[in-house]
Amino acid sequence: MKRALRDYRILLLDQRGTGRSTPVGPVIPGSTPVEQAAYLVHFRADSIVRDAERIRQELGVDRWSVLGQSFGGFTSLAYLSIAPEGLQEAFITAGLTPIGRPVDDVYAATWARLRDANARYYRRYPEDRARVREIHRRLEDEDVRLPCGDRLTVRRFRQLGLWLGASNGFELLHHVLELPPDSAAFRQDVETAVDFTRNPMYATLHESSYADGGATRWSAHRLTPDWLDGSEAFTAEHVFPWMFEDYGALRAHREAADLLAEHPWPRLYDADRLARNEVPVAATIYVDDLYVERVFAEETAAAVRGLRPWITDEYQHNGLRADGERVLGRLIDLVRGRA
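A brief report on the enclosed structure follows. (Residues numbered from 1 in each chain as written. Predicted model: local features only at pLDDT ≥ 70, side-chain atom pairs only at ≥ 80, totals over all residues. Heavy atoms only, no water.)

1. Some words on the nonpolar core
In globular proteins that are soluble, nonpolar side chains generally tend to be buried together.
Turning to step 1, where the next piece is worked out: Counting 43 residues, the largest nonpolar core has Phe157, Leu160, Leu164, Phe234 and Met243 as its most contacted members.
Turning to step 2, where the next piece is worked out: In terms of residue count, helix α4 (residues 103-124) provides more of this core than any other element does, five residues in total.
Turning to step 3, where the next piece is worked out: In this view, methionine 243 contacts Gln159, Phe196, Ala203, His238 and Leu250; residues no more than four positions away in its chain are not counted.
Turning to step 4, where the next piece is worked out: Core analysis: the next-biggest nonpolar cluster, separate from the first, contains 32 residues, Val66, Leu80, Val279 and Val281 among them. (Core = buried A, V, L, I, M, F, W, Y, C linked by side-chain atoms within 4.5 Å. Buried < 20%, exposed > 50% of the residue type's maximum accessible area, 1.4 Å probe, protein only. Helix = DSSP H or I, 4+ residues; strand = E, 2+ residues; numbered from the N terminus. Contact = heavy atoms within 4.5 Å.)

2. A few points about unusual backbone geometry
Phi is mostly negative for residues that are not glycine, and the peptide bonds are mostly trans.
Turning to step 1, where the next piece is worked out: Notably, alanine 94 is not glycine yet its phi reads approximately 50°, a positive angle.
Turning to step 2, where the next piece is worked out: Taking the relative accessible area as the measure of exposure, alanine 94 reaches 2% and is therefore buried.
Turning to step 3, where the next piece is worked out: The phi torsion at tryptophan 218 lies on the positive side, around 55°, for a residue other than glycine.
Turning to step 4, where the next piece is worked out: Mapped onto the elements, tryptophan 218 comes out in the loop between α9 (201-204) and α10 (219-222).

3. Here we look at the pairing of strand β2 (residues 87-93)
Turning to step 1, where the next piece is worked out: A large share of β2 lies buried, amounting to six of its seven residues.
Turning to step 2, where the next piece is worked out: With six bridges connecting them, strand β1 (residues 64-69) and β2 associate as parallel partners. For tryptophan 64, the partnering residue across the bridge sits in β2 and is leucine 87.
Turning to step 3, where the next piece is worked out: Once you follow β1 into helix α3 (residues 71-82) and on to β2, the crossover reads as right-handed.
Turning to step 4, where the next piece is worked out: By the bridge criterion, three bridges tie β2 to strand β3 (residues 281-286) in an arrangement that is parallel. Directly across from isoleucine 92, in β3, lies its bridge partner alanine 283. (Pairing = 2+ DSSP bridges. Right-handed = clockwise from strand over helix to strand, strands pointing away.)

4. Quick word on helix α7 (residues 169-177)
Turning to step 1, where the next piece is worked out: Among all positions of α7, only Gly169, Phe170, Leu173, His174, Val176 and Leu177 are buried. With its buried residues spanning 160° around the axis, α7 presents them on a single face.
Turning to step 2, where the next piece is worked out: Here the buried face of α7 lies against α4, α5 (128-141), α6 (154-158) and α8 (184-193). (Arc of directions from axis to C-beta.)

5. Remarks on the packing of helix α2 (residues 45-59) against α3
Turning to step 1, where the next piece is worked out: At a minimum axis distance of 9 Å, the contact between α2 and α3 shows a crossing angle of 70°. Here α2 is positioned roughly perpendicular relative to α3, judged by the angle of their axes. For α2 against α3, the interelement crossing comes out right-handed. For the pair α2 and α3, the contacting residues are Ala45, Asp46, Ile48, Val49, Arg50, Ala52, Glu53 and Arg56 in the first and Phe71, Thr75, Ala78, Tyr79 and Ile82 in the second. (Axes fitted to C-alpha atoms, helices over the stretch in contact; angles between N-to-C directions. Parallel < 35°, antiparallel > 145°, perpendicular 65-115°, else oblique. Left-handed = near helix turned anticlockwise from the far one by under 90°.)

6. Things to note about the layout of surface pockets
Turning to step 1, where the next piece is worked out: When its volume is computed, the second largest pocket comes out at roughly 220 Å³.
Turning to step 2, where the next piece is worked out: Every residue lining the second largest pocket is listed: Arg155, Arg158, His221, Thr224, Pro225, Asp226, Leu228, Asp229, Gly230, Thr235, Phe240 and Trp242.
Turning to step 3, where the next piece is worked out: Across the lining of the second largest pocket, the residue classes break down as four nonpolar, four polar and four charged. (1 Å grid on protein atoms, 1.4 Å probe; cavity = no way out; pocket = protein on both sides within 12 Å on 5 of 7 lines; lining within 4 Å. Points joined across faces, edges and corners; volume = space filled by probe spheres on them. Nonpolar A, V, L, I, M, F, W, Y, C, P; charged D, E, K, R; others polar.)

7. Thoughts on the side chain of serine 231
Turning to step 1, where the next piece is worked out: Residue position: serine 231 is located in the loop between α10 and α11 (243-246).
Turning to step 2, where the next piece is worked out: Looking at serine 231, its side chain comes within polar contact range of the main-chain oxygen of tryptophan 227, at 3.3 Å.
Turning to step 3, where the next piece is worked out: In this structure the side chain of serine 231 is engaged in a polar contact, spanning 2.8 Å, whose partner is the backbone oxygen of leucine 228.
Turning to step 4, where the next piece is worked out: Apart from the residues within four sequence positions on either side, serine 231 is in contact with His136 and Arg158. (Polar contact = N/O pair within 3.5 Å; in protein donor to acceptor, adjacent residues only side chain to side chain.)

8. Brief notes about the pattern of salt bridges
Where charged atoms of side chains with opposite charge meet at close range, the side chains can pair.
Turning to step 1, where the next piece is worked out: Across all of its chains, the model carries 28 salt bridges by this definition.
Turning to step 2, where the next piece is worked out: As a salt-bridge pair, arginine 16 and aspartate 51 come within 2.5 Å of each other at their nearest N and O atoms. Of the two residues, arginine 16 sits in the segment before α1 (33-40) while aspartate 51 sits in helix α2, which places them 35 residues apart along the sequence.
Turning to step 3, where the next piece is worked out: Assessed through its relative accessible area of 28%, arginine 16 is described here as partly exposed.
Turning to step 4, where the next piece is worked out: When the shortest N-O distance is used, the salt bridge between aspartate 143 and arginine 151 registers 3.9 Å.
Turning to step 5, where the next piece is worked out: Each of Arg3, Asp7 and Arg336 takes part in one network of salt bridges that share partners. (Salt bridge = Lys/Arg side-chain N within 4 Å of Asp/Glu carboxyl O.)

What follows is the structure, given as structure tokens:
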């Protein structure tokens, strides 16, 4: 914000379904799962772009600049595909998603990166292996309840690995594992680490964000590797069908989520239009990004005409949050030919 305000006025847009306008909570509009799924297909990046265009026109802005982090970067690529005439420039951080690749390519790559992240975590905190094994044993033998009332299962506990892709994530995870498993602090921190109470649609629509055409069919679940079973490894940004049982906040979405997993999603990106792009674009590519595969990001960077990438190992996926003034400043310099 500090760097952006030197050059811009800022408008923060709520993602469809997560803000004050038509929020999607535990109850999805529609009287049947089929109707609910039909409603939720309108909440992807392409719909968000059309929202942004309506707002831009309402404000009387000729062209504006966009900054997209992670899924916001996916949305920025959709913007460049659908309505580039509304953009002055685009800045993308940790969000160069594959164009035209099957969703299974994405999750195969994330599972491979996750194995390495787990190995690095246990090299840093080797004593945590024993802690995790003991926690797994207790969760299998005892009915451990979180403050929300949900039973804490081993597979839900593994999802604390969502932190492994952040610059401070190893420490966040380690600090939870150091807490006494019987303590209120442990149970509260585990619950809030991965929580869908506020925005359940994050889980319901997550895989669709990678579906540049075709059905996802629970890709992360189908590609779950054998090395995970019986290990102390954690998972990461993966959504599984069992989550709609283990998380009370997601149970009302279960049937709609199953239908969406089989939905034939349309293409999000126009490869031909991106190849002819005339909007100045700069983007970060983080070498060890756990959630956005570097090789695929480099392919995307090469496919967008005029895109200037900043490939760096200085940051993890949360680079914009960790050092936003410098990251955005570097992207602005790239777009303006100063770097």
